[in-house]
Amino acid sequence: MRIALFEPEIAGNVGNVMRLGACMGAGVDLIEPLGFPWDDRRVRRAAMDYIDHVEVVRHASFDAFREARAGCRLVLFTTRATLSSYEFEYRPDDILLFGKESAGVTDAVRAEVDASVRLPMKPEVRSLNLATSAGLALGEALRQTGQLPS
């Protein structure tokens, strides 16, 4: 299982997702452009020494990402979806896709995904933090597929 971040804008979020991937055994795909310099020290500060325990792959574009990950099911997490992420049936090789913090994904990307789900939350709030969303999503997906680390 993998986490993919579409054009992430905040270095700290990327670092936290990398740490999540390291702890849970999930690779991380970063779809460029990034909203910060890759050598940004905030990435390393958030990821800490966990950065050496996660496979991170950078892709120059969404098209490059799709080509590299052809054959894998792409599950988009979006507030626009109606299906709860807890009612969805995950597969062991799914890629969990999250959009950029300020705008999500483009309509073109939305049209390319295999499924769209939403994390349930109270209606009076807009969204969860990117790294928090990834943690909730990955935890449920790994639980369902029997891949939670011991």
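Predicted, not measured: the structure shown is a model, and the values here were computed from it.

Caption draft 1: Local environment of the packing of aromatic side chains. Enumeration according to the criterion identifies four aromatic pairs in this entry. Note on Phe6 and Phe62: the rings are 6.3 Å apart at their centroids and 75° apart in plane angle, and the pair reads as edge-to-face. Of this pair, Phe6 sits in strand 1 (residues 2-6) while Phe62 is found in helix 3 (residues 62-68), placing the two residues 56 residues apart along the sequence. Take Phe6 and Phe62: they sit in the same class, and that class is buried. A centroid spacing of 5.8 Å and a plane angle of 45° characterise the contact between Phe62 and Phe65, whose relative ring orientation is tilted. You can see Phe62 and its partner Phe65 sitting in helix 3, three residues apart, about one turn around the helix. Residue class for Phe65 comes out buried when judged on its relative accessible area of 0%.

Caption draft 2: Layout of the packing of helix 1 (residues 11-24) against helix 5 (residues 130-144). Between helix 1 and helix 5, whose axes approach to 9 Å, the crossing angle comes to 20°. For the element pair helix 1 / helix 5, the angle class is roughly parallel. As helix 1 runs across helix 5, the sense of the crossing is right-handed. Only Leu130, Ala131, Ala134, Gly135, Leu138 and Leu142 of helix 5 make contact with helix 1, whose side of the interface consists of Asn13, Asn16, Val17, Leu20 and Met24. Tallied by class, the residues present in the contact of helix 1 with helix 5 amount to eight nonpolar, three polar and no charged.

Caption draft 3: Representation of the sheet that holds strand 3 (residues 56-59) in the model. The strand order 3-2-1-5-4-6 describes an open sheet built from six strands, whose pairing is parallel. Looking at strand neighbours, the two that pair on one side only are strand 3 and strand 6 (115-117), the edges of this open sheet. For this sheet, the mean inter-axis angle between neighbouring strands, taken without regard to orientation, is 25°. Here strand 1 runs beside strand 2 (residues 27-31); their pairing, made up of five bridges, is parallel. Bridge pairing in strand 2 links Ile3 to Val28. The strands that helix 1 touches are strand 1, strand 2 and strand 3; relative to strand 1, the one it contacts most, it runs at about 170°. Across the face of the sheet, helix 5 comes into contact with strand 1, strand 4 (74-77) and strand 5 (95-98) while running at roughly 160° to strand 5.

Caption draft 4: Structural view of helix 1. Taking 1.5 Å of rise per residue, 14 residues should cover 20 Å, and helix 1 covers 20 Å from first to last C-alpha, within 8% of that figure. Gly25 sits one or two residues past helix 1 and shows a positive phi near 80°.

Caption draft 5: Summary view of the pairing of strand 5. Residues Ile95 and Leu97 of strand 5 are buried on one face, and the alternating residues Leu96 and Phe98, pointing to the opposite face, are buried as well. Relative to strand 5, strand 1 runs parallel, the two sharing four bridges. From the neighbouring strand, Ile3 faces strand 5, where its bridge partner is Leu96.

What counts as what
- Residues numbered from 1 in each chain as written.
- Predicted model: local features only at pLDDT ≥ 70, side-chain atom pairs only at ≥ 80, totals over all residues.
- Heavy atoms only, no water.
- Phe/Tyr/Trp six-rings, centres within 6.5 Å; stacked < 30°, edge-to-face > 60°.
- Helix = DSSP H or I, 4+ residues; strand = E, 2+ residues; numbered from the N terminus.
- Buried < 20%, exposed > 50% of the residue type's maximum accessible area, 1.4 Å probe, protein only.
- Axes fitted to C-alpha atoms, helices over the stretch in contact; angles between N-to-C directions.
- Parallel < 35°, antiparallel > 145°, perpendicular 65-115°, else oblique.
- Left-handed = near helix turned anticlockwise from the far one by under 90°.
- Contact = heavy atoms within 4.5 Å.
- Nonpolar A, V, L, I, M, F, W, Y, C, P; charged D, E, K, R; others polar.
- Pairing = 2+ DSSP bridges.
- Expected span 1.5 Å × (residues − 1).

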